[in-house]
Amino acid sequence: MINFKENEELSKLNHSCAHLMAQAIKHLYPEAKFWVGPVVEEGFYYDIDLGDKKIVEEDLDAIEKEMKKCAKDSKNIIRKEISKEEALEMFGEDPYKVDLIERMEDGTITCYSQGDFTDLCRGPHVENTKLCKNFKLTKFSGAYWKGDSNNKMLQRIYGVCLPTPEELEAHLAELEEMKQRDHRKIGKDLDIFMVSDLVGKGMPMYLPNGYFIWEQLENYIKGKEKALGYLHVLTPPLGNVELYKTSGHWDHYKDNMFPKMDVEDEEFVLRPMNCPHHMMIYSNSIHSYRDLPIRIAEIARDCRFETSGSLKGIERVRTFCQNDSHIFVTPEQIEQEFSSVVNLILDTYKELGIENFRFELSLRDPEDKVKYYPDDEMWNNAESTLRNVLNDLGYDYVEKIGEAAFYGPKLDVQVKPAIGPEYTLSTCQLDFCLPMRFELNYIDSNGEKKTPVVLHRAVFGTIDRFMAFYLEETKGYLPLWLAPKQVEVIPVNIQYHEEYAASVYEALKNAGFRVEFDNRNEKLGYKLRESVIKKIPYMLILGQNEVDNKTISYRRAGSEETTTVSLEEFIELLNSDLVNKTRYDKKSK
Ligand code: TSB
Ligand code: ZN
């Protein structure tokens, strides 16, 4: 995706296009006053005071039309240097410009003119308005003057400009593709989750389809963990404040927690992490070095205070379920167990066809004495251990200062969503700190008490975030194992083909598949269109040919191609897709 702010030429072009838009708006709304019109990553915008008028979709068409005219006028864009006094004289009527001018340093100020329009601007600009003809106004919103909600709400209009029509078209196609990929759109189209302000921002609710996917993901990852000796537990989603004082969360993580609750003579908090509960489970019994590693795992509910502005679908929420584990090891076992966690993550990604990710080694900021538990030797030890393991495994990674957890450094797996900045999916963290604070121990081979080390790890991160990620990865074309409905059986004509279609439907259901039978008396085209929107992996279209030859014809989600096979062959295909977790958004797995 192009970053318009980082590219000098495109930046100049887009800024000039912002002026072109302002010129067109001035023609259509002579009373309009302009605040700022910067270039941003996605193109440009301008904040405009249109009095009481609120921009609606149709206005954009009219503005675009006028912009085309202004571009066609082919006016030279002329730079002029003026003094502060001259500027105040020229723009004195406009309180927004006066505000800007007054905050400028003394000396020369520049303005740019094109035909009947002049704007105060640092520039640079392209030479002529005709160079700005390949643009599109993409969206609009309200924006408080200077971002302060006590100020007037201005109208912000966004746009984008490229040198050629072909480049513009390609860019708009990419934007559209991203919109289609956005998990918030897919989540709505496929009835996966909902949010309600009455329940609370950032507190998603999973609908039957979403909960089905959830259960599949949960069973899948738990199955892998069980095979590796993880022990699953169930603990409460809140805890006594004392628990978090002991762990250090109260001192180092309070800003991310909801305020405490007073209940009788106790104080509770909704937990932001599960580590303290798992520490208590470890301390419930005596452990010998022979028992280690002990891998306590849980699909565990947490609540974190995330600012309302940062919330996003099910990717960043205020309550989520981590696919969590705390692994208790002896110091000698760290490297082996850490590699085994990294391998579990990579193995999972491979099975699910995830290829676009990168590793980040998140380290402490030695200057930040508030966030990080203060013990330089412990930190240096932990950080160099992680570095050594990663170097031994031979994976590329980038080091990030100040991104570590308060209790230790971590390896984060970063992925990029359809829209918005990169985020962490999986994580594996090394911790010498919490076991000490909880006074955990094991008996070593000499019969002495020793403190274990803990690895905190989450393969899916949270089920919520992983689901957001995988919906975007697959564009909503869920593989067969995850799809709530796997096959839709559609008779071409209810009168002639329903009986045969019903027999195929029954046979698939009896073979254990999740099948729908669309025997509504609707036109075939209508049914097919509906099925395409629902992204059901297989659509069976059964007409006279299929009845006569006892075959079935199928279309795979996202494809227009129809293939005819016997029912047995089709069942074999379904089974193979299940085993391979075949991705329908990719040509081959
Ligand atoms: C792995 N104590 C560790 C745990 O043992 C822990 O909580 N680590 S974490 O803070 O990094 O969170 C684990 C994962 O949860 C992150 O890697 C990320 O994928 C996911 N996550 C964090 N915050 C949110 C959020 N607000 N919404 C959705 N998922 C989140
Ligand atoms: Zn943890």
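The structure under discussion appears in the preceding block.
What you are looking at is a predicted structure, and each value in this text was computed from that prediction instead of being measured.

Draft legend 1. Seen up close, the coordination of the zinc ion (ligand 2). C275 (SG), H326 (NE2) and H456 (ND1) make up the full set of protein donors to the zinc ion (ligand 2), lying at 2.1 to 2.5 Å. Counting the intervening residues between successive donors of the zinc ion (ligand 2) yields the motif C-x50-H-x129-H. Of this pair, C275 sits in helix α10 (residues 275-282) while H326 is found in strand β16 (residues 319-329), placing the two residues 51 residues apart along the sequence. The exposure class assigned to C275 is buried, which follows from its relative accessible area of 2%. By relative accessible area, H326 is classed as buried at 1%.

Draft legend 2. Expanded view of the site of ligand 1. Around ligand 1 there are 22 residues in total, and E306, V317, Q322, D324 and L425 lie nearest to it. Within the side chain of T462, an N or O atom sits 2.9 Å from a nitrogen atom of ligand 1. Considered on its own, ligand 1 offers 600 Å² of accessible surface; in the complex 95% of this is hidden by protein. Of all elements in the fold, only β16, β20 (423-431) and β23 (453-462) reach the threshold of two or more residues within the shell around ligand 1. For the shell around ligand 1, the residue count by class is six nonpolar, eight polar and eight charged.

Draft legend 3. Main features of the sheet that holds strand β13 (residues 261-263). On the basis of which strands lie adjacent, the open sheet formed by three strands has the order β12-β14-β13 and antiparallel pairing. Of all strands in the sheet, those with a lone pairing partner are β12 (238-240) and β13, marking the two edges. Here the strands of the sheet are splayed against their neighbours by 35 degrees on average, with no regard to which way each runs. With three bridges joining them, β12 and strand β14 (residues 266-270) adopt antiparallel strand pairing. Within the sheet, the bridge partner assigned to G239 lies in β14 and is V269.

Draft legend 4. Quick peek at helix α2 (residues 57-72). With 16 residues, α2 should reach 22 Å at 1.5 Å per residue; the first-to-last C-alpha distance of 23 Å fits that figure. Among the residues of α2, those classed as buried are D59, L60, I63, E64, E66, M67, C70 and A71. Buried positions along α2 lie against α1 (8-28), β7 (135-144) and β8 (153-161). Just downstream of α2 lies S74, where phi reads positive at about 50 degrees.

Draft legend 5. Region of interest: the packing of helix α7 (residues 208-227) against helix α14 (residues 463-473). It is the contact of α7 with α14, at a shortest axis distance of 11 Å, that shows an interaxial angle of 105 degrees. Taken together, the axes of α7 and α14 are roughly perpendicular relative to one another. Of α14, the residues touching α7 (which contributes G210, I213, W214, L217 and E218) are I463, D464, F466 and M467. The class makeup of the residues in the contact of α7 with α14 is six nonpolar, one polar and two charged.

Draft legend 6. Summary view of the pairing of strand β24 (residues 487-491). Counting buried residues along β24, five of its five residues qualify, which places the element largely inside the surrounding structure. Every second residue of β24 is oriented toward a common face, with V487, V489 and P491 on one face and E488 and I490 on the other, all of them buried. Of the strand pairs in this sheet, β24 and strand β25 (residues 515-517) are connected by three bridges, and their pairing is parallel. Its bridge partner lying in β25, E488 is registered against E516. Regarding topology, helix α15 (residues 494-510) serves as the crossover connection from β24 to the parallel β25, and that connection is right-handed. As paired elements, β24 and strand β26 (residues 538-542) share five bridges and run parallel to each other.

Draft legend 7. Focus on the nonpolar core. In terms of nonpolar packing, the biggest core is built from 56 residues, with L217, F338, L352, F460, F466 and M467 touching the most fellow members. It is helix α11 (residues 334-351) that provides the largest number of residues to this core, a total of eight residues. Leaving out residues up to four positions away in the same chain, L217 has contacts with F460, I463, F466, M467, W481 and L482. C17, I55, C70 and Y112 belong to the second largest nonpolar core, which has 37 residues in total.

Draft legend 8. View of helix α12 (residues 376-393). Between its first and last C-alpha, α12 extends 26 Å over 18 residues, near the 26 Å set by a 1.5 Å rise per residue. Taken as a whole, α12 has its buried residues at M378, W379, A382, E383, T385, L386, V389 and L390. An end-on view of α12 places all buried positions within 155 degrees of arc, on one side of the element. Of the exposed residues in α12, those oriented more than 90 degrees away from the buried face are E377 and D392. Taken together, the buried residues of α12 touch α11, β17 (358-363), β18 (397-401), β19 (410-415) and β20. Positioned one or two residues after α12, G394 has a phi angle of 80 degrees, which is positive.

Draft legend 9. How the structure looks around the packing of aromatic side chains. Applying the stated criterion across every chain yields a total of 25 aromatic pairs. Seen in terms of ring centroids, F406 and Y407 are 5.1 Å apart; in terms of plane orientation they differ by 75 degrees. Their pairing is edge-to-face. Residue classification places Y407 among the buried positions, given a relative accessible area of 2%. The ring centre of Y230 lies 6.0 Å from the NZ or CZ of R295, which sits over that ring. Sitting over the ring of W481, K581 keeps its end group 4.9 Å from the ring centre.

Cut-offs applied
- Residues numbered from 1 in each chain as written.
- Chains lettered and ligands numbered in written order.
- Predicted model: local features only at pLDDT ≥ 70, side-chain atom pairs only at ≥ 80, totals over all residues.
- Heavy atoms only, no water.
- Donors = N, O, S within 2.8 Å, 3.2 Å for Na, K, Ca; no water.
- Helix = DSSP H or I, 4+ residues; strand = E, 2+ residues; numbered from the N terminus.
- Buried < 20%, exposed > 50% of the residue type's maximum accessible area, 1.4 Å probe, protein only.
- Near = heavy atom within 4 Å.
- Polar contact = N/O pair within 3.5 Å; in protein donor to acceptor, adjacent residues only side chain to side chain.
- Areas by Shrake-Rupley, 256 points an atom, 1.4 Å probe, with all protein chains shown as cover.
- Nonpolar A, V, L, I, M, F, W, Y, C, P; charged D, E, K, R; others polar.
- Pairing = 2+ DSSP bridges.
- Axes fitted to C-alpha atoms, helices over the stretch in contact; angles between N-to-C directions.
- Expected span 1.5 Å × (residues − 1).
- Contact = heavy atoms within 4.5 Å.
- Parallel < 35°, antiparallel > 145°, perpendicular 65-115°, else oblique.
- Right-handed = clockwise from strand over helix to strand, strands pointing away.
- Core = buried A, V, L, I, M, F, W, Y, C linked by side-chain atoms within 4.5 Å.
- Arc of directions from axis to C-beta.
- Phe/Tyr/Trp six-rings, centres within 6.5 Å; stacked < 30°, edge-to-face > 60°.
- Lys NZ or Arg CZ within 6 Å of the ring centre and 35° of its normal.

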